[in-house]
Amino acid sequence: MAKLSKSQLLQAYRTMRTIREFEERVHTEFATGEIPGFVHLYAGEEASATGVCMHLRDDDYIASTHRGHGHCIAKGVDPVGMMAEIYGKVTGTCKGKGGSMHIADLSRGMMGANGIVGGGGPLICGAALAAKYKREGGVGVCFFGDGASNQGTILEAMNLASVWNLPAIFVAENNGYAESTSSSWSVASDNIADRGSAFGMPSVIVDGFDFFAAHEAAGEAVKRAREGGGPTLIEMKFMRYYGHFEGDQQTYRGADEVKKLREEKDCLLRFRKRVVSASEVSAADLDAVDKEVLALIDRAVTKAKADPKPEAADLLTDVYVSYP
Amino acid sequence: MARTISYQQAINEALRQEMERDPRVIVMGEDNAGGAGSPGEQDAWGGVLGVTKGLQPRFPDRVLDTPISESAFIGAAIGAAAAGMRPVAELMFIDFMGVCFDQIFNQAAKFKYMFGGKAETPVVIRTMIGAGFRAAAQHSQMLTSIFTHVPGLKVACPATPYDAKGLLIQSIRDKDPVIFCEHKLLYGIKGDVPEESYTVPFGEANVVREGNGVTIVTYARMVHFALQAAGELAKKKIDCEVIDLRTTSPMDEATILESAEKTGRVVVVDEANPRCSVATDVAALVAQKAFASMKAPVEMVTAPHVPVPFSDALEDLYIPSPARIAAAVERVANYG
Amino acid sequence: MPAIHSITVPKWGLSMEKGRVTAWHRQVGDRISSGDEICDIETDKISGGLEVTAGGVLRRQLAKEGEELPVGALVAVVADAEVPEDEVDAVVAAFQASFVPAAAADAGEGPAPQKVDVGGRRIRYLKSGLSGDAVLLLHGFGGDLGNWLFNHQALAEKHVVYALDLPGHGESSKDVGAGTLDELAAVAAAFLETVGVERAHLVGHSLGGAVALAMASSAPERVRSLSLVSSAGLGREINAAYIEAFVRAANRNALKPCVAQLYADERLVTRQLVDNLLKYKRLEGVDAALRKLADNLFPGGTQGRLFHDVLASSNVPALVVWGAEDRIIPASHAAGLPARVKVEVLADRGHMVQMEAAGAVNRLLASFIG
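Since the model is a prediction, treat every value here as computed from it, not as a measurement.

**A look at the overall build of chain C**
- Scanning chain C from terminus to terminus reveals 11 helices and 16 strands.
- Its C-alpha atoms give chain C a radius of gyration of 21 Å, near enough to 21 Å, the size a compact globule of 370 residues would have.
- Overall size of chain C, expressed as C-alpha extent along the three principal axes, is 65 × 45 × 35 Å.
- Burial statistics for chain C: of 370 residues in total, 54% are counted as buried.
- Look at the contacts in chain C between residues 6 or more apart in sequence, and 69% of them connect residues 24 or more apart.
- Surface summary for chain C: the accessible area is close to 14800 Å², and the carbon and sulfur share equals 50%.

Dropping the structure here:
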């Protein structure tokens, strides 16, 4: 795999840091009670979204899950609009009508976070099918969780992608838990990746805390898809830092589980250690990024809090293109 | 008009003409060509009842057979639509909606709204409805009301070959997701259909028979039964107006109300089960908005609240008959 | 002996099998003159008045209002007042005893519309009549060869009569090219060439009249005579609001009041008429074709081209017929024409005068064309 340039490394770091600070801030703000509904935080999983989406263009599509903020940011959706959307404001990415679980931006190839577990698999088969007709080498990536790996739609989608030889990449983000049940209990095979061969597609297991491993595996899969080689299954193994949803007491987890992960496995720490010690990027450069990102997130929250909510008339719009 | 063809041929022609006009139109479904991977004839079936026959040889890479995997391929059609194609996917029997309903009602129907207006899902899902084939409980239902209920979906149920072609062409050109319901007992009926392309708009009911005595509101196969009943009733000097809804979402409320206000007597005929149906929907509309004009309570003629039975002796009792329709109309005509 | 006239249900158009008597205009005992309309008959395509050519007293009505009878069935009996009742009864009885409705299979006997390629465009036409001069019937804006339903067979008794659908109309190609009168005239002339007709009597209604005039101007060698019915091309005025509304109308509720303006008697606007027009308007390419034609032929809401010079300079025989109550093109256009032009304005009739006064118009055409 080709070495990443300094600007690429900085871009990767910026993306991961933006996701991390976005999620950490949502965590603290949610606790104040100001954010409506449910949020599901991606903190800890940044390497997966970042490593995969760095290979994608705007006309490649991704489908995401209820835990979609990371995929959105990695695919280029504006974090300021995202924050406003989470607060239910009219300036949000979806005009306040979708919320955290349904953030989408089709102009950036983001086919939506999805409130239905496994909902994205068939949709990405569709995007990949469309890409085949467009003949521009476009691909579709379906991010799904260990919970979704047991949902019929994902299994059907993998079969269909194989049968139709679609330019699709299935990224199973095995973060250790499906809601409160551990993935080792609910997934019948040892690895989700084992399921790939059942559908005739190449599969690979990746340490999801390692950006470089994720980036490399994704690069191979995207290249294979673009060149007409069909689908791939990538299993990212890692763990989420927060609960299934904000408010989840996480009593199902071990006592110091998250603390240990943050100290020993954290993808941002590992990235920093590696690039600094290899003198590819300086600590000062990374610190500068940290500072800029914090300012961005701060701005996003301030704006989201101040922006107006949708008006009553907005309730009835955007259901159809035309009716009749 | 031009020439006489069958409902089935009209649908095939609509697909062919739209595929010729727009390269983004693709057709997919179980056995839509038939023979995929098999040693024998390709385009072996052209759909389980032959509706899509002849399309694959003409458009070799745009007619896709699928595995028996509804949630995957219906969802794929929806995703492809969101990504700029114009897919026409076939859900072979509406009874199979259970295995793919999420993709239809939670994804396709809601993209535009959830994404703040910034998505379009111009997918058409063709599906077979209706009883009378002795196909029993899981292959004979009329589940149009369930789709009609969902905001974001449009639902069409043509009763004639002319409407089948025009509504399908309209559905393919429409930018919203459409459930296109083909009554399996109507495939063989014939009618005048122009050779050229044309559209029939959504939300426009058709008054297939004008009359001043009693209004019959109905759709799909029951339109023909209602006309039969009306013919018999004319001999008894009961003058029926028969309205074919053509699309249940959007539904042409204005035409229903105009007729209800004219006659003051309304009978709704619906082949589906009675609870939460198109029949109750129309009855509620009339009760709410035409109450002042009513001279009799609204009557509904529907199937009973039971699954579709297999034995022909029972299935023929299940389906509303022209005689049952006529009896209801007579009660309403003589009320008061 | 004074005659007893059996009035039967006419056959309007090849596919007509039955008609419904919708309204009686004369009651038993009323005096009838030749040309009177005694009742209205409605078919699944059209509604029209039943005109009698006999005189006398209406002695029997054989159908109630709302009753449907097959083509050829006895509808009324007209006879002089002094003819005894029992003789009238005998005529009725004899008729009913021997009457057999024509089977649907008879439709195969008569002529059916056909399609032919004219210079790359598909043109639908109907040819009827076995001998005599050729006649070409040209319909108006938004119409089709069915506009001549009440005239075609009558003229075919003594002529070979062609009626075609102009480009953009009926079942002909919807490609109107530049959408000019000359283009339409060229297609009509090319049609005659294609079907092997060297010269024809042209009968044009409304826009069709202007097409006929344009043919007389550009291809005079093809024109035997001109019969111009409610014709365009004879004055600037046109009901531009009607044209615009017709082009724009996308559903029944918009189309019905618009189309009603074509007739003096609005009862002739049946549901079927409106539905058939709506189906036509929904065909691919019709919208664009009508829009282009309207923009070209009626720029700024007036008629773009006049043909008084053609009428003045040509020696082609010309007949002009109008309905006095024409709300689309005023009957005043029939006035001030060169003296050699025969002019007839029929009282109480609207723009579709060839339908509303079919008997009178057929007689005028027959005696003019010869």
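The rest of the description comes next.
**Considering the confidence of the model for chain C**
- Taken over all residues, the pLDDT of chain C has a mean of 92, while the share at 70 or more is 97%.
- For this predicted complex, the interface confidence comes out at an ipTM of 0.90, alongside a pTM of 0.89.

**Observations concerning the pattern of salt bridges**
- Using the criterion set out here, one finds 77 salt bridges over all chains in the structure.
- A salt bridge links A:Lys6 to A:Asp285; the shortest N-O distance between them is 3.1 Å. Linking A:Lys6 in helix α1 (residues 6-31) with A:Asp285 in helix α12 (residues 283-306), this pair joins segments that are 279 residues apart in sequence.
- Under the relative-accessibility criterion, A:Asp285 is labelled partly exposed at 26%.
- Across the pair A:Asp318 and A:Lys95 runs a salt bridge whose closest N-O atoms are separated by 3.2 Å. Here A:Asp318 is found in the segment after α12, whereas its partner A:Lys95 is found in the loop between α4 (79-86) and α5 (120-134), with 223 residues between them in sequence.
- Taken together, the salt bridges that share partners define one network made up of B:Arg3, B:Glu13, B:Arg16, B:Glu20, B:Arg58 and B:Lys165.

**Digging into the arrangement of the chains**
- In this assembly, two pairs of chains are in contact, and the pair contributing the most contacts is chains A and B.
- Separated in space, chain A and chain C share no contact, their closest pair of C-alpha atoms being 13 Å apart.

**Some details on the interface of chain B and chain A**
- Taken residue by residue, the interface counts 46 residues in chain B and 41 residues in chain A.
- Contact between chain B and chain A buries roughly 3400 Å² in total, counting both sides, with carbon and sulfur atoms accounting for 64%.
- On the chain B side of the interface with chain A, the three residues burying the most area are B:Tyr113, B:Met114 and B:Phe115, jointly 19% of the side's total.
- Where chain B touches chain A, the interface holds zero salt bridges.
- Residue assignment for the side of chain B that touches chain A shows that the elements contributing at least two residues are β2 (25-29), β3 (63-65), α3 (70-82) and α4 (101-114) of chain B.
- Of all the elements, α3(B) adds the most residues to the side of chain B that touches chain A, at 10 residues.
- For the side of chain B that touches chain A, the residue count by class is 22 nonpolar, 13 polar and 11 charged.

**Some thoughts on the nonpolar core**
- If you look at the biggest cluster of nonpolar residues, it comprises 138 residues, and the most contacted ones within it are C:Leu136, C:Phe141, C:Phe191, C:Met215 and C:Leu226.
- Grouped together as the second largest cluster of nonpolar side chains are 91 residues, A:Ala130, B:Ala119, B:Leu257 and B:Ala279 included.

**A few points about the environment of C:Gln96**
- Within the secondary structure, C:Gln96 sits in helix α1 (residues 85-98).
- Through-space distance from the C-alpha of C:Gln96 to that of C:Ala73 is 8.2 Å; in sequence the pair is 23 residues apart.

**Details of the sheet that holds strand β4 (residues 37-42) of chain C**
Residues and elements named next belong to chain C.
- The strand order across the open sheet built from four strands is β5-β4-β2-β7, with neighbouring strands paired in antiparallel fashion. Every other strand in the sheet has two partners, leaving β5 (47-51) and β7 (68-70) as the edge strands with one partner each. Taking the axes of each pair of neighbouring strands and ignoring which way they run, one obtains an average angle of 40 degrees across the sheet.
- With three bridges joining them, strand β2 (residues 18-24) and β7 adopt antiparallel strand pairing. Residue pairing for β7: Gly-19 is matched across the bridge by Leu-69.

**Structural notes on the side chain of B:Arg246**
- Residue position: B:Arg246 is located in the loop between β11 (240-244) and β12 (247-249).
- For B:Arg246, a relative accessible area of 4% gives the class buried.
- At a separation of 2.8 Å, a polar atom in the side chain of B:Arg246 contacts the side chain of B:Asp163.
- Contacts of B:Arg246, omitting those with residues within four sequence positions, involve B:Ala156, B:Cys157, B:Pro158, B:Asp163, B:Leu167, B:Val200, B:Glu204, B:Ala205, B:Asn206 and C:Arg282.

**Section: unusual backbone geometry**
- Here A:Tyr323 and A:Pro324 are connected by a cis peptide whose omega angle stands at 5 degrees.
- Among the structural elements, A:Pro324 can be located in the segment after α12.
- Notably, A:Lys95 is not glycine yet its phi reads approximately 55 degrees, a positive angle.
- For C:Ser230, which is not glycine, the phi dihedral falls at a positive 45 degrees.
- Mapping C:Ser230 onto the fold places it in the loop between β14 (223-229) and α5 (240-248).

**Things to note about the interface of chain C and chain B**
- At the interface, 16 residues of chain C touch 17 residues of chain B.
- Counting each side, the surface lost to burial between chain C and chain B is near 1300 Å², with a carbon and sulfur contribution of 44%.
- For the chain C face of the interface with chain B, the top three residues by lost area are C:Arg271, C:Arg282 and C:Glu284, together amounting to 46%.
- Along the contact surface separating chain C from chain B lie six salt bridges.
- Linking B:Glu210 and C:Arg271 is a salt bridge whose minimum nitrogen-to-oxygen distance equals 3.4 Å.
- Here chain C is connected to chain B by five residue pairs in polar contact (both at pLDDT 80 or more).
- The biggest single contributor to the side of chain C that touches chain B is helix α7 (residues 271-281) of chain C, with six residues.

**Section: the sheet that holds strand β7 (residues 232-237) of chain A**
Residue and element names in this part refer to chain A.
- One open sheet accounts for five strands, arranged β1-β2-β3-β7-β6; its pairing is parallel. The sheet is open, and its two edges are formed by β1 (61-63) and β6 (203-207), each paired on a single side. Direction aside, neighbouring strands of the sheet carry axes that sit 20 degrees apart on average.
- Sheet topology note: the strand β2 (residues 140-145)/strand β3 (residues 168-174) ladder contains six bridges and is parallel. Directly across from Gly-140, in β3, lies its bridge partner Ala-168.
- Running over the sheet, helix α2 (residues 46-53) touches β1, β2, β3 and β7 and is turned about 170 degrees from β2.

**Some thoughts on the packing of aromatic side chains**
- Applying the stated criterion across every chain, the model contains 22 aromatic pairs over all chains.
- Measuring from centroid to centroid gives 6.1 Å for A:Phe38 and A:Phe245, while their planes differ by 70 degrees, and the two rings are edge-to-face. Residue A:Phe38 is located in the loop between α1 and α2, and its partner A:Phe245 is located in the loop between β7 and α10 (257-264); the two are separated by 207 residues in the primary sequence.
- Judged by relative accessible area, which is 53%, A:Phe38 ranks as exposed.
- A residue is classified by how much of its surface remains accessible, and A:Phe245, at 30% relative accessible area, is partly exposed.
- When the centroid spacing of 5.4 Å and the interplanar angle of 90 degrees are considered together, the rings of B:Phe101 and B:Phe147 count as edge-to-face. Of the two residues, B:Phe101 is situated in helix α4 and B:Phe147 in helix α5 (residues 144-148); the sequence distance between them amounts to 46 residues.
- Residue class for B:Phe101 comes out buried when judged on its relative accessible area of 15%.
- For B:Phe147, a relative accessible area of 1% gives the class buried.
- When the ring centre of A:Phe212 is taken as origin, the NZ or CZ atom of A:Arg274, which lies over that ring, is 3.8 Å away.
- Above the plane of the ring of B:Phe202 lies B:Lys154, whose end atom (NZ or CZ) is 5.8 Å from the centre.

**Topic: helix α11 (residues 358-369) of chain C**
Residue and element names in this part refer to chain C.
- With 12 residues, α11 extends 16 Å from end C-alpha to end C-alpha; this agrees with the ideal 16 Å at 1.5 Å per step.
- Burial within α11 is extensive, with nine of its 12 residues counted as buried.
- By the burial criterion, the buried members of α11 are Ala-358, Gly-359, Ala-360, Val-361, Asn-362, Leu-364, Leu-365, Phe-368 and Ile-369.
- One or two residues past the end of α11 sits Gly-370, with phi positive at roughly 100 degrees.

**What about the environment of B:Glu204?**
- Note on placement: B:Glu204 falls in the loop between β8 (190-193) and β9 (206-209).
- Ignoring any residue separated from it by four or fewer positions in sequence, one finds B:Glu204 in contact with B:Leu245, B:Arg246, B:Thr247, B:Asp252, C:Ala250, C:Asn251, C:Leu278 and C:Arg282.
- Polar contacts involving the side chain of B:Glu204 include one to the side chain of B:Arg246, which spans 2.7 Å.

The rules behind these values
Residues numbered from 1 in each chain as written. Chains lettered and ligands numbered in written order. Predicted model: local features only at pLDDT ≥ 70, side-chain atom pairs only at ≥ 80, totals over all residues. Heavy atoms only, no water. Helix = DSSP H or I, 4+ residues; strand = E, 2+ residues; numbered from the N terminus. Rg over C-alpha atoms; globule rule 2.2 N^0.38 Å. Buried < 20%, exposed > 50% of the residue type's maximum accessible area, 1.4 Å probe, protein only. Contact = heavy atoms within 4.5 Å. Areas by Shrake-Rupley, 256 points an atom, 1.4 Å probe, with all protein chains shown as cover. pLDDT = per-residue confidence, 0-100. Salt bridge = Lys/Arg side-chain N within 4 Å of Asp/Glu carboxyl O. Buried area = accessible area lost by both parts, 1.4 Å probe. Nonpolar A, V, L, I, M, F, W, Y, C, P; charged D, E, K, R; others polar. Core = buried A, V, L, I, M, F, W, Y, C linked by side-chain atoms within 4.5 Å. Pairing = 2+ DSSP bridges. Axes fitted to C-alpha atoms, helices over the stretch in contact; angles between N-to-C directions. Polar contact = N/O pair within 3.5 Å; in protein donor to acceptor, adjacent residues only side chain to side chain. Phe/Tyr/Trp six-rings, centres within 6.5 Å; stacked < 30°, edge-to-face > 60°. Lys NZ or Arg CZ within 6 Å of the ring centre and 35° of its normal. Expected span 1.5 Å × (residues − 1).

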